[in-house]
Amino acid sequence: MVVGLLGNKSPDSNRLTLVTPKSENDVRLQAKLGNQNPTGLPVGVVSSNLVSMILLVNRSRVLIRSTVQNGIMSLADSTADIIENEKKLLGAKNLTYDEYAEILDHKKLQGVESSYVYVVSPDGIMQYHPTKSKVGEPVENEVVKELVQQIEKGIHPASATTEYEFKGVVKYASYVVLDDNSIVVVSADEEDALAGITKITNVSGIILLGICVAAFIISVVFGRSIARPLKLSLIHISEPTRH
């Protein structure tokens, strides 16, 4: 068998051609070893995993966000029922701050420390708030202000969950309007509510970065381990045969 390089220069001139001399059956066999990309497989696998991880994290974030908002709404509903029953038991149209505090002071969404409950009168004055200094002051929340305007027009707003920005902080809020038009609101900071998935996202990003670096190093080493013997073979084949 004769091994050599084809003399013609072409775009494939960097490829090695192995040629066997014609046999009795006049058959000519050619095998071309093209330039391969040994790093393609590791890089492809990492890219695929990266995309899957991003989609999974985003989906999880949406689900957790929905779960938190549903939890806030459930807390607002249950709190409204407690206040209504307390007013009936006491025969009072309004409760004192201490009476509100006794039933609302520790009300919050489990695992979300920024969550709390407050109560606003039909005319927009704070009746209860964990920060006692706010009691007796006009409500600052634009969402609640809009509810007060609707109540003044004779409209009884339906319970709902919304989100708004207050002093640069994104908040979730669920509200329930009582029979006497007082407004029960449960509020929570988005950043706090999504802290768990945010932490998972950050850790996942670090892990993926490490995988990418490791995959690159493995690809380089793997590529060189393949390229070196091919290069040596090419050098030996290129040398003229001495008799």
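Predicted model, so just to flag it, every value in this text is computed and none were measured. (Residues numbered from 1 in each chain as written. Predicted model: local features only at pLDDT ≥ 70, side-chain atom pairs only at ≥ 80, totals over all residues. Heavy atoms only, no water.)

(A) Fine view of a nonpolar patch on the surface. Among the surface-exposed residues, Leu209, Val213, Phe216, Ile217 and Val221 lie close enough to one another that they form a single nonpolar patch of about 510 Å² accessible area. One can find Ile217 in helix α5 (residues 195-238). (Patch = residues over 30% accessible without salt bridge, like charges linked within 9 Å, V, L, I, M, F, W, Y side chains within 5 Å. Areas by Shrake-Rupley, 256 points an atom, 1.4 Å probe, with all protein chains shown as cover. Salt bridge = Lys/Arg side-chain N within 4 Å of Asp/Glu carboxyl O. Helix = DSSP H or I, 4+ residues; strand = E, 2+ residues; numbered from the N terminus.)

(B) Structural detail: the sheet that holds strand β4 (residues 116-120). On the basis of which strands lie adjacent, the open sheet formed by 5 strands has the order β5-β4-β8-β7-β6 and antiparallel pairing. In this open sheet, the two strands that pair with only one neighbour each are β5 (126-128) and β6 (160-166). Shown here is a sheet whose adjacent strand axes are inclined to one another by a mean of 35°, direction ignored. The pairing of β4 with β5 spans 2 bridges and is classified as antiparallel. Bridge pairing in β5 links Val120 to Met126. Taken strand by strand, helix α2 (residues 97-104) contacts β4 and β5, and its axis lies near 55° from that of β5. (Pairing = 2+ DSSP bridges. Axes fitted to C-alpha atoms, helices over the stretch in contact; angles between N-to-C directions. Contact = heavy atoms within 4.5 Å.)

(C) Here's a closer look at the nonpolar core. With 26 residues, the main nonpolar core has Ile72, Ile83, Tyr100, Leu104, Val119, Tyr128 and Val184 as its most contacted residues. Elements supplying a minimum of two residues to this core: α1 (40-90), α2, β4, β7 (169-177) and β8 (183-189). Each residue touching Tyr100, except ones within four places of it in the same chain, is listed here: Ile83, Lys87, Leu95, Asp105, Val119, Gln127 and Tyr128. Formed by 15 residues, the second largest nonpolar core is a distinct cluster that contains Tyr118, Val120, Val143 and Tyr164. (Core = buried A, V, L, I, M, F, W, Y, C linked by side-chain atoms within 4.5 Å. Buried < 20%, exposed > 50% of the residue type's maximum accessible area, 1.4 Å probe, protein only.)

(D) Looking closely at the packing of aromatic side chains. For the coordinates displayed, the defined rule picks out 3 aromatic pairs. On the basis of an interplanar angle of 35° and a centroid distance of 6.1 Å, the ring pair of Tyr100 and Tyr128 is categorised as tilted. Taken together, the residues Tyr100 in helix α2 and Tyr128 in strand β5 connect sequence positions 28 residues apart. Here the two residues Tyr100 and Tyr128 agree in accessibility, since each one is buried. (Phe/Tyr/Trp six-rings, centres within 6.5 Å; stacked < 30°, edge-to-face > 60°.)

(E) Expanded view of the confidence of the model for the protein chain. The predicted model of the protein chain has a mean per-residue pLDDT of 75, with 61% of residues at 70 or higher. Overall, residues 1-39 carries pLDDT values under 50, and its contacts beyond four positions in sequence, including any with other chains, amount to 44 contacts. (pLDDT = per-residue confidence, 0-100.)

(F) Just the pairing of β8, in detail. Most of β8 sits out of view: 7 of its 7 residues are buried. Burial along β8 is two-sided: Ile183, Val185, Ser187 and Asp189 and Val184, Val186 and Ala188, pointing in opposite directions, are all buried. Examined bridge by bridge, β4 and β8 share 5 bridges and lie antiparallel to one another. Along β8, the bridge assignment pairs Tyr118 with Val185. Pairing between β7 and β8: 7 bridges, direction antiparallel. Note on β8: the bridge partner recorded for Tyr175 is Val185.

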